[in-house]
Amino acid sequence: MSTIRLLGAFVGLIVFACGTAWSQPYPSKPVRVVVVFPPGGATDVTARFVFQKMSEQLNQQFPIDNRAGAAGMIGAEIVAKSPPDGYTLMVYSQTFLANAHLYKKMAYDPLKDFIGITPVARLVGMLAVHPSMPVRTTQDFIALAKARPGDILYGSAGIGAFQHLSMSSFANITGLKMTHVPFKGGAPAVLAMMGGEVHAILTPIAELYPFLKSGRLRPIAVSSATRTTQFPDIPAIAETVKDFDFVSWFAIFAPAGTPKPVIDKLNAELKKAVADPDVAAKLSAQTLDPMYATPEDFTKMLKADYDRLEQVVKLSGARIE
């Protein structure tokens, strides 16, 4: 065989090999999933349920990498700077958008530096009080707070956290004056309320769930527009306060620039994962509702939530330098 023919065969082999590598179906290697909060929390648990199923569906590993700190912003910065190839994903809550209005400086733009793939779970809050409080309904709570302006202390996981913004929104709509007491996390805030350090809290149901049958707190109402399937006997705040609806979500994001075919494949597989009966049951047991949207619809939802949270944060008066 001539040198030219040998060279041609060699080049052809290289082209074939490269073409085969380039045409490998996604994902062809493990996909890193950055969870921006610590292990054991609702965000982390949700990610593990969903991506365990994704691993089964795609026969590929989706290792969870917890990168907590600065209300999730440390993990988000890592993902924003990762290659946009579909091999680094992020799991975050609605705090992702609220932070943009709370912090003066951020290392990324939540709407420009990421692609929202889909929300995977809806998170609902519950208003609860210390048993010594002479209230059993939302109407009772409003009446007492109006009779004692500034006297009712409510706990939160920190400035700008779900507990703070949800209760601040509730107070602004109803014209109440209450005193915010931030703690270092949702669990400490709930324990403080049960211990009588604060009078009330409006926190994700998952934070209250272990204590709802103990008698150490009194559930009043849920923060969604309608009652929850897990607690159908507990009314919605909206049954007393018209149009009140304060919920959050856990969602999956990729760095901006990630190819659309990759985003579409992840979206389709995540849709299957959250619809799986076992995953749905596990989420429901954590008082979370499976959730899904197309990337296009989720983009619209993110913009709407971003604008809504701007007003919520502004009315709360919260600001972190």
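Residues numbered from 1 in each chain as written. Predicted model: local features only at pLDDT ≥ 70, side-chain atom pairs only at ≥ 80, totals over all residues. Heavy atoms only, no water.

Caption draft 1: Geometry of the overall build of the protein chain. A tally of regular secondary structure across the protein chain gives 11 helices and 10 strands. Across its three principal axes, the protein chain shows a C-alpha extent of roughly 100 × 40 × 30 Å. Residue pairs at least 24 apart in sequence account for 76% of intrachain contacts in the protein chain once pairs closer than 6 positions are excluded. Of the accessible surface of the protein chain, which amounts to about 15000 Å², a share of 58% is contributed by carbon and sulfur atoms. The average position of the 31 basic charges and that of the 26 acidic charges among the side chains of the protein chain differ by 2 Å. (Helix = DSSP H or I, 4+ residues; strand = E, 2+ residues; numbered from the N terminus. Contact = heavy atoms within 4.5 Å. Areas by Shrake-Rupley, 256 points an atom, 1.4 Å probe, with all protein chains shown as cover. Lys, Arg positive; Asp, Glu negative; His and termini not counted. Charge placed at Lys NZ, Arg CZ, Asp CG, Glu CD.)

Caption draft 2: Spotlight on the packing of aromatic side chains. In total, this model carries 15 aromatic pairs according to the counting rule given. Look at Tyr 92 and Phe 96: their rings are 5.0 Å apart centre to centre, the planes differ by 40°, and that puts the pair in the tilted class. Judged by centre distance (5.7 Å) and plane angle (45°), the ring pair of Phe 253 and Phe 298 falls under tilted. One end of the pair, Phe 253, is in strand β9 (residues 247–255); the other, Phe 298, is in helix α11 (residues 295–316), with 45 residues separating them in the sequence. We note that Phe 253, like Phe 298, is buried. The rings of Phe 37, Tyr 92, Phe 96, Tyr 108, Phe 114, Trp 249, Phe 253 and Phe 298 are connected pair by pair, giving a single aromatic cluster. Residue placement shows Lys 29 over the ring face of Tyr 87; its charged tip is 4.7 Å from the ring centre. The ring of Phe 246 carries the charged tip of Arg 308 above its face, separated from the ring centre by 5.7 Å. (Phe/Tyr/Trp six-rings, centres within 6.5 Å; stacked < 30°, edge-to-face > 60°. Buried < 20%, exposed > 50% of the residue type's maximum accessible area, 1.4 Å probe, protein only. Lys NZ or Arg CZ within 6 Å of the ring centre and 35° of its normal.)

Caption draft 3: Structural context of the confidence of the model for the protein chain. With 93% of its residues at a pLDDT of 70 or more, the protein chain has an overall mean of 90. Highest mean pLDDT in the protein chain belongs to helix α9 (residues 260–275) (98); lowest belongs to helix α1 (residues 3–22) (42). For the stretch residues 1–22, pLDDT sits under 50, and the model shows one contact to residues farther than four places along the chain or on other chains. (pLDDT = per-residue confidence, 0-100.)

Caption draft 4: Focus on the packing of helix α5 (residues 138–147) against helix α6 (residues 162–174). Orientation of α5 relative to α6, taken along the N-to-C sense of each, is 75°, at an axis distance of 12 Å. By the angle between their axes, α5 is roughly perpendicular relative to α6. Of the residues in α6, those touching α5 at Thr 138, Phe 141, Ile 142 and Lys 146 are Met 167, Phe 170 and Thr 174. Classifying every residue of the contact of α5 with α6 by side-chain character gives four nonpolar, two polar and one charged. (Axes fitted to C-alpha atoms, helices over the stretch in contact; angles between N-to-C directions. Parallel < 35°, antiparallel > 145°, perpendicular 65-115°, else oblique. Nonpolar A, V, L, I, M, F, W, Y, C, P; charged D, E, K, R; others polar.)

Caption draft 5: Here's a closer look at the nonpolar core. Phe 51, Tyr 92, Phe 141, Phe 170 and Phe 253 are the most contacted members of the largest nonpolar core, which totals 79 residues. Considering every element that reaches this core, the biggest residue donor is strand β4 (residues 114–129), with seven residues. If you look at the next biggest cluster of nonpolar residues, it comprises 20 residues, including Ala 128, Ile 205, Leu 217 and Phe 231. (Core = buried A, V, L, I, M, F, W, Y, C linked by side-chain atoms within 4.5 Å.)

Caption draft 6: Local environment of the environment of Thr 88. Residue placement: Thr 88 occurs in strand β3 (residues 88–93). Dropping the residues within four chain positions of it, Thr 88 is found in contact with Val 31, Arg 32, Val 34, Val 79, Ser 82, Ala 254 and Pro 255.

Caption draft 7: Structural context of the packing of helix α2 (residues 42–58) against α9. In the contact formed by α2 and α9, the axes pass within 9 Å of each other and the chain directions differ by 115°. Viewed along their axes, α2 and α9 adopt a mutual orientation that is roughly perpendicular. You can see that α2 and α9 cross each other, and the crossing is right-handed. Residues Val 50, Phe 51, Lys 53, Met 54, Gln 57 and Leu 58 of α2 touch α9, and the partners they reach there are Lys 265, Leu 266, Glu 269, Leu 270, Lys 272, Ala 273 and Val 274. Residue composition of the contact of α2 with α9, grouped by class: eight nonpolar, one polar and four charged. (Left-handed = near helix turned anticlockwise from the far one by under 90°.)

Caption draft 8: Spatial organisation of helix α3 (residues 73–80). The complete set of buried residues in α3 reads Met 73, Gly 75, Ala 76 and Val 79. The buried residues of α3 occupy an angular sector of 155° when projected down its axis, which confines them to one face. Looking at the buried residues of α3, the elements they touch are β1 (32–35), β3, α4 (95–102), β4 and β9. (Arc of directions from axis to C-beta.)

Caption draft 9: The arrangement of the pattern of salt bridges in detail. Per the counting criterion, the structure on display carries 15 salt bridges. For Asp 65, the salt bridge identified is with Arg 32, shortest N-O distance 2.9 Å. Pair noted here: Asp 65 is in strand β2 (residues 64–66) and Arg 32 is in strand β1, with a separation of 33 residues, a long-range link. For Arg 32, a relative accessible area of 26% corresponds to the partly exposed category. Close ionic contact of Lys 53 with Glu 56 constitutes a salt bridge, the shortest N to O distance being 3.3 Å. Separated by three residues within a single helix, Lys 53 and Glu 56 lie in helix α2, roughly one turn from each other. Members of the salt-bridge network, linked through shared partners, are Arg 32, Asp 65 and Arg 67. (Salt bridge = Lys/Arg side-chain N within 4 Å of Asp/Glu carboxyl O.)

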